[in-house]
Amino acid sequence: MAETLIKVDLTQSPTANEMIHNRWHPDIPMACWVKPGDEFILETFDWTGGFIKNNDSADDVRDIDLSTVHYLSGPVGVKGAEPGDLLVVDLLDIGAKPDSLWGFNGFFSKKNGGGFLTDHFPLAQKSIWDFHGMFTTSRHVPGVQFAGLIHPGLIGCLPDKPMLDMWNKREIDFIATDPDRVPGLANPPFAPTAHLGKLTGDAKAKVAAEGARTVPPREHGGNCDIKDLSRGSKIFFPVYVDGAGLSVGDLHFSQGDGEITFCGAIEMAGWVHMRVNLIKGGMAKYGIKNPIFKPSPITPTYNDYLIFEGISVDEHGQQHYLDVHVAYRQACLNAIEYLKKFGYSGAQAYSILGTAPVQGHISGVVDVPNACATLWIPTQIFDFDINPSAAGPIKHIDGSIQMPLSPDLK
Ligand code: ZN
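Now for a description of the structure that goes with this document. (Residues numbered from 1 in each chain as written. Predicted model: local features only at pLDDT ≥ 70, side-chain atom pairs only at ≥ 80, totals over all residues. Heavy atoms only, no water.)

Once that is clear, we can look at the packing of aromatic side chains. Taken as a whole, this structure holds 17 aromatic pairs when the rule is applied. Aromatic side chains Trp-129 and Phe-146 sit 5.5 Å apart centroid to centroid with 45 degrees between the ring planes, which places their arrangement in the tilted category. Placement of Trp-129 in strand S8 (residues 124-132) and of Phe-146 in strand S10 (residues 146-147) is noted, with a sequence separation of 17 residues between them. Overall, the relative accessible area of 0% leaves Trp-129 in the buried class. Grouped by ring-pair contacts, the aromatic residues Phe-308, Tyr-338, Phe-342, Tyr-344, Phe-382 and Phe-384 constitute a single cluster. (Phe/Tyr/Trp six-rings, centres within 6.5 Å; stacked < 30°, edge-to-face > 60°. Helix = DSSP H or I, 4+ residues; strand = E, 2+ residues; numbered from the N terminus. Buried < 20%, exposed > 50% of the residue type's maximum accessible area, 1.4 Å probe, protein only.)

Here's what the structure looks like:
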């Protein structure tokens, strides 16, 4: 039986747990050690460490201190792992904790985090999703039910010092190009809220001052938010430090491609059952800079989609050159306008795009000046037919149920 090497108590603060950390730094001590071939289980907090509650107010989403995230379980040391190796991680299974069979999705306030469509949804909103075995529904978003494609939003190995220094320099230099931007261009190290496992005193202060924030995906993987990195996947991670230092967190019950709502997918606390192995010298052997992975043999078999196109002409009619970000935003906005015709609020439609197993594709990036992105909505997740027809859309959603919204206080 796989041993649970890291346990979390959801009634406690994550900062009281010495096997949890919220920064990347090579000097964070290993929380535990395993051998190649070992199977083990790591429990995790949700990415906010329990700050977001199962209630009907979005005040917590509005007020959260985003310098506290993400709370990760680890690092797990792997005996024999050396820089240049590949760490092979089998995600054998992933689940919710039995005392926490729910998750949350939200939109951050534009003044505190924002999101992909923050100019259209500038206020904090939240939806709570209940888990029914492998399915989920929300009391705030009626008319949909779908199977979870459960995955860690964030998983990766510790950087070495040169890589950490490179991350910090390039991101701090980038912030300097527009230091007053809201939301900010990136997040520099921030010592006051750093939690670094069992580090204390001067050792903690040094690592806290230098530790990279966990927000962006980087060369080591990290916060990639790839919905297809689901249970049953096999991932190959670059190793930079002796022991590798594997950490995981930010579990998602389900997510649409892009995690467009930023807070985020259906976020949950849970556990990951995994196995590790090594490919010695694998980075050079396979020319690997960023992780690669194999998908799960088991995924929800939604096979009928309504697909929305978007091009790189923005909401104001301005032309952008092959800009996939703009094109995907247009595809999402087009889908939201469409779903509103069935009675959903814009927020509910946005929440569906962020949480359901929606696919996003880069469809064309060569036909100047317009990139084309597509957003694929599985039609089978709805309780009613969302296909266009000559009869026109029927308002199945009557508007009596809405997502909690909090006014901006600042
Ligand atoms: Zn997440």
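Still to come is the rest of the account.
Within the element layout of this structure, Glu-171 appears in helix H2 (residues 161-175). On a C-alpha basis, the gap between Glu-171 and Val-182 in space is 16 Å, while along the polypeptide they are 11 residues apart. Excluding residues that lie within four positions of it along the chain, Glu-171 makes contacts with Ala-186, Asn-187, Pro-216 and Arg-218. Engagement of the side chain of Glu-171 in a polar contact is seen with the side chain of Arg-218, the distance being 2.7 Å. (Contact = heavy atoms within 4.5 Å. Polar contact = N/O pair within 3.5 Å; in protein donor to acceptor, adjacent residues only side chain to side chain.)

What follows is about the sheet that holds strand S21 (residues 372-378). Strands sit in the order S19-S21-S20 across an open sheet of three strands; the sheet is antiparallel. Both outer strands of the open sheet, strand S19 (305-311) and strand S20 (359-364), are each paired with one neighbouring strand and no more. The sheet shows a mean angle of 25 degrees between the axes of neighbouring strands, taken without regard to direction. Here S20 runs beside S21; their pairing, made up of five bridges, is antiparallel. If you follow Gly-360 over to S21, its bridge partner there is Leu-375. Contacting S19, S20 and S21, helix H5 (residues 324-340) runs over the sheet at an angle of about 135 degrees to S19. (Pairing = 2+ DSSP bridges. Axes fitted to C-alpha atoms, helices over the stretch in contact; angles between N-to-C directions.)

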